[in-house]
Amino acid sequence: HDMLSYKRPHGSKSEAQWIEDFIMPYDPTNLDDMALIITVMHPDGRVPRTLFSCHTDTVHRKDGRQRIKFNRTTQTYYKTDGEPLGADDAAGAWVMLEMIDAGVPGCYFFHRAEECGGLGSTHMANNYPDILHKFHRAVAFDRRGGTSVITHQGWGRCCSDVFAQALADALNENDNNMFTPDDTGVFTDTANYTEIIPECTNLSCGYANEHSGNETLHVPTLFHLRDACLTIDWDALPTERDPLVTEYKEYGWATMPSTYNKQVKSNDYQRTLYDMTKAEMFDMAYTDPETFVMLVRNELFGEEAYDEARDYYSYDASIYK
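Computed from a predicted structure; not experimentally measured. (Residues numbered from 1 in each chain as written. Predicted model: local features only at pLDDT ≥ 70, side-chain atom pairs only at ≥ 80, totals over all residues. Heavy atoms only, no water.)

1. Notes on the sheet that holds strand S15 (residues 207–208)
Here is step 1 of the chain: Spatial ordering of the open sheet is given by S6-S7-S16-S15, a layout of four strands whose pairing is antiparallel. Lying at the two open borders of the sheet, with one neighbouring strand each, are strand S6 (69–71) and S15.
Here is step 2 of the chain: When S6 meets strand S7 (residues 76–78), the two strands line up antiparallel, connected through three bridges. Among the inter-strand pairings, Phe 70 is bridged to a residue of S7, identified as Tyr 77.
Here is step 3 of the chain: Sitting on the sheet, helix H6 (residues 219–229) is in contact with S6, S7 and strand S16 (216–218), with an inclination near 55 degrees to S16. (Pairing = 2+ DSSP bridges. Helix = DSSP H or I, 4+ residues; strand = E, 2+ residues; numbered from the N terminus. Contact = heavy atoms within 4.5 Å. Axes fitted to C-alpha atoms, helices over the stretch in contact; angles between N-to-C directions.)

This is the structure:
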């Protein structure tokens, strides 16, 4: 409840206060103010090979405190002021703090500026690859719903099916098979580590309708995740994926690489929206907004208008948000 009561735009006073209140008591290592890191060693002194990930910022436009409400019937947190709740990603941060308190071995990354485009994790990948290379897996707690073990983010695979199924089985061991591998991920910080760390995923932690005034957090789902995470032997999970091999996700309309890491030419693949699902359109709009705008213009006005638009717009994803 307390963690949800802060609106936390990146760099705001209330985000700084939230970090001071909830993260700093653990005496984290602060890397360039882009990630706060807390390490819990194995009891025998072994270095953990699992990176756990969440982020400290929210999509609120203004900082400050907020009033939140709780429905005791549905066991759900919500708000009525038209602004986001901020369970994305207070829920993930809460799970990680619970794991730290329970002594679960791991390296816990509280990333900065995820909602600004993953700036904290991008900085880590670009400047501290030697730190990241020691990990076999990176597990984010930053996915909507209550069932997903994400295997793909954007257009590419982020973890192996073997790893995803093993993690889902471990999460389901004492419950009723809630978790399952899911290839419909979009983006969170672990997407920036896929070329460094073999197994990168994102787990559902109970929120819904994130980034909107209808955002909610289902507490039983969050508590189930927490309870399961306390019992898993994380470093015993399999490692199958080669981070040096990029595997793009196959879509009905084409195979298209994500432009998080590289720019692709708009005319290198079939340009149509008609055989894309709604989820695929959302993914494309998020990971490659320039091309998505071009495809919409092409469908509405034809090839000539498409080519004119492509020549007119520079490659700057921020102008389409």
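Back to the text.
2. Thoughts on the packing of aromatic side chains
Here is step 1 of the chain: What the rule picks out here adds up to eight aromatic pairs.
Here is step 2 of the chain: With a centroid separation of 5.0 Å and an interplanar angle of 85 degrees, the aromatic rings of Phe 52 and Trp 234 are classed as edge-to-face. Taken as a pair, Phe 52 in strand S4 (residues 50–55) and Trp 234 in the loop between H6 and helix H7 (278–287) lie far apart in primary sequence, 182 residues in all. Of the two residues examined, Phe 52 and Trp 234, each falls in the buried class.
Here is step 3 of the chain: Through a chain of ring-to-ring contacts, the aromatic side chains of Phe 52, Tyr 108, Phe 141 and Trp 234 assemble into a single cluster.
Here is step 4 of the chain: Positioned above the aromatic ring of Tyr 6 is the side chain of Arg 65, whose terminal nitrogen or guanidinium carbon lies 3.9 Å from the ring centre.
Here is step 5 of the chain: We note Arg 226 situated over the ring of Phe 223; from NZ or CZ to the ring centre the distance is 5.0 Å. (Phe/Tyr/Trp six-rings, centres within 6.5 Å; stacked < 30°, edge-to-face > 60°. Buried < 20%, exposed > 50% of the residue type's maximum accessible area, 1.4 Å probe, protein only. Lys NZ or Arg CZ within 6 Å of the ring centre and 35° of its normal.)

3. Re the layout of surface pockets
Using a probe with the size of a water molecule, rolled over the atoms, empty space left in the structure can be pinpointed.
Here is step 1 of the chain: Taken as a whole, the second largest pocket holds about 170 Å³ of empty space.
Here is step 2 of the chain: His 1, Met 3, Leu 4, Phe 70, Tyr 77, Ala 90, Ala 91, Trp 94, Leu 217, Val 219, Leu 222 and Phe 223 together form the lining of the second largest pocket.
Here is step 3 of the chain: Those elements that provide at least two residues to the lining of the second largest pocket are helix H2 (87–101) and H6.
Here is step 4 of the chain: Its residues assigned to classes, the lining of the second largest pocket comprises eleven nonpolar, one polar and no charged. (1 Å grid on protein atoms, 1.4 Å probe; cavity = no way out; pocket = protein on both sides within 12 Å on 5 of 7 lines; lining within 4 Å. Points joined across faces, edges and corners; volume = space filled by probe spheres on them. Nonpolar A, V, L, I, M, F, W, Y, C, P; charged D, E, K, R; others polar.)

4. Let's talk about the pairing of strand S14 (residues 199–204)
Here is step 1 of the chain: Counting buried positions over the six residues of S14 gives six, a clear majority of the element.
Here is step 2 of the chain: Residues Glu 199, Thr 201 and Leu 203 of S14 are buried on one face, and the alternating residues Cys 200, Asn 202 and Ser 204, pointing to the opposite face, are buried as well.
Here is step 3 of the chain: Pairing analysis gives six bridges linking strand S9 (residues 137–143) to S14, with the strands arranged parallel. Its bridge partner being in S14, Phe 141 is matched across the sheet by Leu 203.

5. Side note on the environment of Ala 140
Here is step 1 of the chain: Locating Ala 140 in the fold gives a position in strand S9.
Here is step 2 of the chain: Taking relative accessible area as the criterion, Ala 140 reaches 0% and is therefore assigned buried.
Here is step 3 of the chain: Separated by 44 residues in sequence, Ala 140 and Met 96 have C-alpha atoms that sit 9.6 Å apart.
Here is step 4 of the chain: Apart from residues lying up to four places away in sequence, Ala 140 is in contact with Ser 53, Thr 188, Thr 190, Thr 201, Asn 202 and Leu 203.

6. Details of the side chain of Thr 188
Here is step 1 of the chain: Mapped onto the secondary structure, Thr 188 falls in the loop between strand S13 (180–182) and S14.
Here is step 2 of the chain: Among residues more than four places away in sequence, those in contact with Thr 188 are Glu 114, Ala 140, Asp 142, Gln 153 and Asn 202.

7. Let's talk about the pattern of salt bridges
Here is step 1 of the chain: This structure, assessed with the given rule, holds 13 salt bridges.
Here is step 2 of the chain: Note that Asp 235 and Arg 137 form a salt bridge whose closest N and O atoms lie 2.9 Å from each other. Highlighted residues: Asp 235 in the loop between H6 and H7 and Arg 137 in strand S9, separated in sequence by 98 residues.
Here is step 3 of the chain: Salt bridges sharing common partners tie together Lys 7, Lys 79, Asp 81 and Glu 83. (Salt bridge = Lys/Arg side-chain N within 4 Å of Asp/Glu carboxyl O.)

8. Here we look at unusual backbone geometry
Here is step 1 of the chain: Residues Asp 88 and Asp 89 are joined by a peptide bond in cis, for which omega reads 15 degrees.
Here is step 2 of the chain: Topologically, Asp 89 is positioned in helix H2.
Here is step 3 of the chain: In this structure, His 211 is a non-glycine residue whose phi angle is positive, near 70 degrees.
Here is step 4 of the chain: Tracing the backbone shows His 211 in the loop between S15 and S16.
Here is step 5 of the chain: Among the residues examined, His 211 registers a relative accessible area of 40% and is labelled partly exposed.

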